[in-house]
Amino acid sequence: MIHSLFLINSSGDIFLEKHWKSVVSRSVCDYFFEAQERATEAENVPPVIPTPHHYLLNVYRHKIFFVAVIQTEVPPLFVIEFLHRVVDTFQDYFGSTNVGDQLPTGQLSVVPWRRTGVKYTNNEAYFDVIEEIDAIIDKSGSTITAEIQGVIDACVKLTGMPDLTLSFMNPRLLDDVSFHPCVRFKRWESERILSFIPPDGNFRLLSYHVSAQNLVAIPVYVKHNISFRDSSSLGRFEITVGPKQTMGKTVEGVMVTSQMPKGVLNMSLTPSQGMHTFDPVTKLLSWDVGKINPQKLPSLKGTMSLQAGTSKPDENPTINLQFKIQQLAISGLKVNRLDMYGEKYKPFKGIKYMTKAGKFQVRT
Amino acid sequence: MSASPAYSEEKGGSSSLGEPEYGHDPASGGIFSSDYKRHDDLKEMLDSNKDSLKLEAMKRIVAMIARGKNASDLFPAVVKNVACKNIEVKKLVYVYLVRYAEEQQDLALLSISTFQRGLKDPNQLIRASALRVLSSIRVPIIVPIMMLAIKEAASDMSPYVRKTAAHAIPKLYSLDSDQKDQLIEVIEKLLADKTTLVAGSVVMAFEEVCPERIDLIHKNYRKLCNLLIDVEEWGQVVIINMLTRYARTQFLSPNQNESLLEENPEKAFYGSDEEDSKDDKLDAASLVKRKPYVMDPDHRLLLRNTKPLLQSRNAAVVMAVAQLYFHLAPKAEVGVIAKALVRLLRSHSEVQWVVLQNVATMSIKRRGMFEPYLKSFYIRSTDPTQIKILKLEVLTNLANETNISTILREFQTYIRSMDKDFVAATIQAIGRCATNIGKVRDTCLNGLVQLLSNRDELVVAESVVVIKKLLQMQPSQHSEIIKHMAKLTDNIQVPMARASILWLIGEYCEHVPKIAPDVLRKMAKSFTGEEDIVKLQVINLAAKLYLTNSKQSKLLTQYVLNLAKYDQNYDIRDRARFIRQLIVPTEKSGALNKYAKKLFLAQKPAPILESSFKDRDHFQLGSLSHLLNAKAVGYQELPDWPDEAPDPSVRNVEVPEWTKCTSREKRKEKVEKPFYSDSEGESGPTESADSEPESVSESESESGSSSSESGSDSGKEEEEEEEGKGRAPESLEEEEEQGKKGKKKKPQHEGKGGSETSWEEGSISESSSSESDSGSEAEESQSEPESKRRTTPPSSKPAPKASRKGTKEISLLDLDDFTPAPPQPASSPAIVSTSLVTDLEGLTLTDASLTPTMLSPVFSTVKTYELLHRMAGEGLSVEYYFNRQPFPPDPHMVAVQIQFSNNTESEVKNLRVSEPKLVSGMRIQEFQEIESLAPGDTANVIMGIDFCDSTQAANFQLCTHSRQFYVSIQPPVGELMAPVFMSENEFKKEQGKLTGMSEITEKLTLPDKCQSDHTIVQRVTAAANVSRVPCGVDNEYRFAAKTVTSGSLVLITLERKEGARAHLTVNSEKMVIGTMLVQDVSQALAQ
C-alpha cells in the first residue's frame, strides 16, 4: 500500500518523511513540484500524479501537502481517506497533549474504538448538532439549490464502558446518514435510534443529510446592486444583508466575501457596520458584518474604480456568505433523549444546536 | 563513519533546508532540533544506565530520521539497546532498526536473537511487535527465520498476533518471492480464521501474494460476507474489492436475462423446448441465456451484506460498496449507491475528485441513477477548477431532453465565470449537449455564435472549435454562421480557432463561394507569420479552393504553396509538396490526380463528441487504474461474467458451524470473556457495532415459522359483528399480545381442502366492492371511540424504553441490541384488530369464522402473479396473489395466497419454503409443507410475509423433493396496507395532521370509461387494499388504510373537478409509500 510519506510545507520544503518499505529518495517529489507548478494553485494539484515508477497521491490540508508514494494498484480513496485520518490524528494529538510526553500505545480493546480503563471524576457527555446550509441563490434572489448537511459531534468523557442510546423526536428528517463505526446499524435501521459504545473524547457520531423533499429555510437574504458602466471608469456597488427565515433567532458571525473581476482596481466603500477590506492584488473583497440587527440592516455601499480604457467586465462577482445561528437546527431536528446503560453513575448530559452557512453563494 | 561527513552529506542532499531556518520552521519543536555536534552526546546518552536519557536520545534520533537526516552512524550505539527493558525505548529502537537494518545488515543480525526471544514473550503486544520488526527489516539472510516466525504466529492464540502474521506475509514475499508456495499455505490457514481482526489483513496478503488463487476463497466466501460488517474499515475495503472479482468469476450476470426478456419475452420463455428440434443452430451459450435467471443465494448474500456499509463514514468503504454494486448488482438495485456517492461529494476536495471521476464513468452507463441528484453537481464559484470540470462532465452526461433546459440555463451562468479554463470546458460541454440532444442543437449553436463576440479571446476560440464540430453535422443551413466566422479571422489570434475557421471555410467553400477566395487572399498575405497548424490549414484551404474554384484561386494557391515550400517546418514543406503533386496535373502525377477532388472533398463524418469517461468501466471502478485510465502495476483485471456458473457447491462448508451458530450463542460466549481485557485478555473477540444481521433474522423467522395458511374466510356476516366488539379493547391489550405471540400455539395446518376453499372465496369476493361502501358507513359509529384512542399521540415511549433498559443492564452485548426491532407496538394497527382479539380469546385459527370479512370485500379484481413458470419449474407452476385477508398468525404480515399446479407426469413431493433471504427486518411465515401433489393437481396455501412496509422483494427457495427454485415475491405498494374504517370527521382530522411533505398530490384526467362512481371506486380499490370512507361531497372519493407493518395511516382523496380533471391526494407519513401509491392509483384510473 503506502510505500513512503512526505510532508511538504507551503514553501516547498520536505520537512518530514517516513518510509514503510525500503527508502524512496526524496527526488520523487520533483514530479510533485512539477505538477504543483502546472496547477498554479494548491487546490488544483491533481490528487493522483503518475510518475514513471511510482504514483504520488496527495492531500492538502493546513497549508501542508501530505504526499504518499505508491507503487502498485490500490484504491485511491483508500490512501486519500487514510491520509486525511492521519491529518486528523495529528491535529488531535498536537493540539491537545504535550507533544512527546506520551507515545501512543497499542490498543487491544474488545471495543476497537475505545480504550479500556477510562476513568473520569466528572462524567459528562456533550453533543453538538451542527447544521450547514449549502445554497446557490440566483440573481433574482430565488433559490437554485439548497440543502442541509448536518453532523453530530460528541465530546464524551465517561468512565468505563458506557452504552449510550440517543433518539430523535423526528428521525424521519434524516435522509442519508453515515455513522461512526461504533453505531449499531441494525438498531438504527429498525428503530431509528442511535445505539453505541462511544469512543473516548471527541468524535463525530453522525453525519446526515436532510431529505430533499423538505424546503430549506434560508435565514438570510442579500440585496445587491453591482453595476459596471461602459465608458465609465466608475462602477456602483451596494449590498445589504437582512434576515429572512430565522425562527426568531439572531444571525451572527456574518461575513461576506466576494471575488471581484480583474478589471476592478480599487473600491471605496462605506459599511453601515463592521469592517471591510479589499485587496487590490487578489481582488478579494471581504466584509466582516457581525450580527444582523433587523431594525437596522447592515449595508455596504460605494464605488469601484475600474481600469480606464477597458470595457466593462462581463462577469459579475458571486457573493459568498458565512453566518451562524445559535440554538437552532434549521432542519428542525431535535434530540429526544439520551440514555446510558452499562454503568451505574449519573453522567452530566448536554446538547447544543447550531446552524451555519456551508457553501452559501449568491450569484449576481 | 564519523559524524561530520554524514552531516555534510545530509547538507548536500537538501540544500534548501539550511540549518538556521529551523528556528522559523513551525514544525521544529523541541524534539525536532537535533544537531550533528550532539551525535556524541547521543551515543553517551544511549550508553547510560538511565532509561530517561536513552528515551530522550532515541526521540531525537527518530526525529532526525523523520526529517530525512542521516543517522546511520549511530547504528551500533542504538542496536545495543534493542534488549532494553523499557518498552518506550524499545519501540523507538525498533523504529530505528526498521529504517537502517537494510543498510547495515551485519550489525542488524545482532538484534535478531532479541526478536526471536520476543516472539515467545507471554505478552501478545510484544510478540506482535517482535514479528512486525523482524518482518520489516529487509535482510535476505533471515528469510528462513521470518518464515518460521510467520508460521508460528499464524497459529498464535492471540488474534492480534495472527493479524500481524498476515501483515508480515507480503513483506516476506517482496523480499523473497520463492517463498510463495509456503506463504500460500499460511494464507490458506489464516483465511480460515474466524475473527474479524484477521480477516482484512489476510485478504490483503492474499491480494498481494496470490490473487489468482480464487479457489482459496470458496470455503471462506460466506464467512467473509458475514464477518464483513464487523471488520475494521480498511479491511472492509480490501475484502469488498476482492469479493467483487470473486463474484465475477463465480456467478452469472444478473442483467443478461433481464435485457433479453425486455427485448423478446416470448422467445425467452418458450424458445427452448419448441425450437430445439428444428433449430440446431442454437449454441450452448444462448441456451444458457434462455434459462430464466435465478440469482445464486451467495451472490445475494454479498449484495445484502455490503449494502449497510454504504453508510460508512469512510469514503473508501462507500466507494468499494458502490463499485461492487455497479459491477455485480441487478440493474434495478444499483440505484442505492447514488445517494451515498453524492454524500461523498461533501467531503474533502481530493475525495470529491476521485468520486466525481467514478460518477462520471457510472453516469454514462446508468444515467437515471444520478438524475435525481442533478443539482448536487451544480458548480460553485469556489470549487477548484479541477472539480468544476469534473462536475461539468457529470452534468453533461446527465443531460437529456427533459432536463436540458435547466442545465443550459445553469451553463449560461458558468460562461460568465472568471475562471477561463472552466468557461472553455463549459463551451465544450454545450457542444456535447448539442450533439447528443437534437432538440436543442439550434439553441446551442445560436448561443455559441453569440459568444463569438465575447471579449475574451479564449472563449471565442473555444466557441469556434465547438461550432466547427456542430456545423459539420448540418452545414447547408448555416452558411450565415460560416460567413460570420470568416470575418473573425481578422480578429481571433488563437491558432486553434484560426485553424478551425479555415478548415470550415475550405470544407464548405461551396456554401460561401464569394468569401472563401478572399479569406485565402488575406491568409496568403499573413502566411509567414502564422502558427504551424494555421499554415497547414491555409494550404488545405488553398487546395480545396483550387479544386472547386480554380479560376479565382489558382495563383493564390501557387503563391501559398511556394511560400510553404520554403517553410522552416518540414511538415509544412512536405505537405506543400504532396498537395502540389496531387492537385496540379503534371505528366508525372499520374492517376491520383483524377481523384484529387474525391480525396479532398469527400463527405466527412461528423465528429462524435463523447465523454472521455466512456468505456472506462472495463476497469474496476474505484481503482487507481480506472482513475488513470491505464493499467497500474499489480492491477487485477475484472473478469467478465462466466457464461455458465461454476459449481456453487464449492462454497459449502462441511461443518457449517459458522453459519449455523446463532448469534445468541456467540453473544453469550462473548459475555463470558473478561470485558475490560487489556493486553492480557488475548483471545477476546472484538465487539461489533453490528453482528450478522441475517443470521439473526433467519433464526427469528424460523422460530416464528411453520404455521401455514390462515383460516379461510367463510361466514363473513357474523364476523362483522365480532369485529365491532373486538376492537375496543385492542389497543389496551396490544402490548401483551405482542409478547404472547411468540408463545402462542401454532395454528393447525388445514390441509389441502381448506386452502382450496379460501382460494375460491377469494374469487367470489371479487365483485363485492359496492357492498363495502355501505358496510363501512354502518361501521362508522362503532369505530369512533377506538380510533380516538388510536389517534392520541403515541406517548408510550417511556414504556418500551424501560423494558429495554432491563435487558440492557444485563449486558451490553445482549442480542436484543441487534435483532431487528419488532414492528412498532406503539401505533396499533386497527386493521388487524379482529384477529388479535380473537387470538387473545384463545380461539383457534381453524375457526372459519375468524376472518374479519368486512375488511376483505373491498377489492374487486384479483391480480395473479407468476412465482415460478411452468418451464422454469420443470412442470411445476406456481402463481400467487394477495388475497387481502389479514394473516392471523401475525398481524404484521401480508397474506399471500400461493397456488401450485403440477403439470408433470409424476407426483411432486415435499413442497416447502426454505432459506428465505430477506432484507433486514423482513420476515416470512412459511406455509406448511405440502406432502405430495398428484400430477394435474393444484394446491393452495397461504403464507405471510412482513414486507416492513417496503416494496422490496422477499426472496426464498421453493423446494420439492428433488429440486429447489429461487423465487421472489414483490408486493405492489397497494398490497402493503389493509383497509381501515373511519368517519368523515376523523378522516379530515387525520388528513390535517398529515400535510406538508406527507401529502402528495397529482393532477390527472379521468378517461371516459372511468367516470362513474362505481368504476372509480373499483379501480382505486383494485390498485390498493383500501376501504372507502364516507364523504358528504359528491365529487370527492375518500379511502383509508393502514400499512400492515407499522400501521401508518394512508389516506387517499380523489377530487373531481370540472370536465374530466381530477386531483388525487395521498396523505401518509410513509412518503415513499405515498409517492408510489399516487403513481399506482393514477395509473389504475387512467387505464
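Use the structure listed above.
Only a predicted model underlies this, so the values are computations on that prediction, with no experimental measurement involved.

### Digging into the overall build of chain B
- Counting its regular elements, chain B contains 46 helices and 15 strands.
- Classification of the 1087 residues of chain B by burial places 57% in the buried group.
- Pairs at least 24 residues apart make up 70% of the contacts formed inside chain B by residues separated by at least 6 positions.
- Carbon and sulfur atoms form 51% of the exposed surface of chain B, whose accessible area is close to 45900 Å².

### Topic: the pattern of salt bridges
- Tallied over the full model, the rule gives 51 salt bridges over all chains.
- One salt bridge connects E81 of chain A with R85 of chain A, and the closest N-O pair in it is separated by 3.3 Å. Taken together, the residues span about one helical turn, with E81 of chain A and R85 of chain A both in helix 2 (residues 76-96) at a distance of four residues.
- Judged by its relative accessible area of 9%, E81 of chain A is buried.
- Looking at R85 of chain A, the relative accessible area reads 19%, which means it is buried.
- Note that R651 of chain B is salt-bridged to D296 of chain B, the shortest N-O span being 3.1 Å. Linking R651 of chain B in the loop between helix 35 (624-628) and helix 36 (657-660) with D296 of chain B in the loop between helix 16 (284-290) and helix 17 (297-306), this pair joins segments that are 355 residues apart in sequence. In terms of burial, R651 of chain B and D296 of chain B fall into one category: buried.
- Overlapping salt bridges bring together E81 and R85 of chain A together with E233 and R313 of chain B as one network.

### Overview of the sheet that holds strand 18 (residues 299-306) of chain A
Residues and elements named next belong to chain A.
- One open sheet holds the four strands; their spatial order is 12-13-18-15, and the pairing between them is antiparallel. Where the open sheet ends on each side, the last strands, each with one partner, are strand 12 (220-228) and strand 15 (264-271). With direction set aside, neighbouring strand axes in the sheet form an average angle of 15 degrees.
- Two strands pair when backbone bridges link them, and strand 15 and strand 18 are joined in this way by seven bridges, in the antiparallel orientation. By the bridge assignment, N266 is partnered in strand 18 with S305.

### Quick notes on the packing of helix 26 (residues 441-451) of chain B against helix 27 (residues 457-471) of chain B
Residues and elements named next belong to chain B.
- Remark: helix 26 packs on helix 27, axes separated minimally by 9 Å, with the N-to-C direction vectors making an angle of 150 degrees. Crossing angle aside, the handedness with which helix 26 passes helix 27 is left-handed. Between helix 26, through L445, L448, V449 and L451, and helix 27, the contact on the second element is made entirely by V459, V460, S463, V466, I467, L470 and L471.
- Of the residues in the contact of helix 26 with helix 27, the class split is 10 nonpolar, one polar and no charged.

About the criteria used
- Residues numbered from 1 in each chain as written.
- Chains lettered and ligands numbered in written order.
- Predicted model: local features only at pLDDT ≥ 70, side-chain atom pairs only at ≥ 80, totals over all residues.
- Heavy atoms only, no water.
- Helix = DSSP H or I, 4+ residues; strand = E, 2+ residues; numbered from the N terminus.
- Buried < 20%, exposed > 50% of the residue type's maximum accessible area, 1.4 Å probe, protein only.
- Contact = heavy atoms within 4.5 Å.
- Areas by Shrake-Rupley, 256 points an atom, 1.4 Å probe, with all protein chains shown as cover.
- Salt bridge = Lys/Arg side-chain N within 4 Å of Asp/Glu carboxyl O.
- Pairing = 2+ DSSP bridges.
- Axes fitted to C-alpha atoms, helices over the stretch in contact; angles between N-to-C directions.
- Left-handed = near helix turned anticlockwise from the far one by under 90°.
- Nonpolar A, V, L, I, M, F, W, Y, C, P; charged D, E, K, R; others polar.

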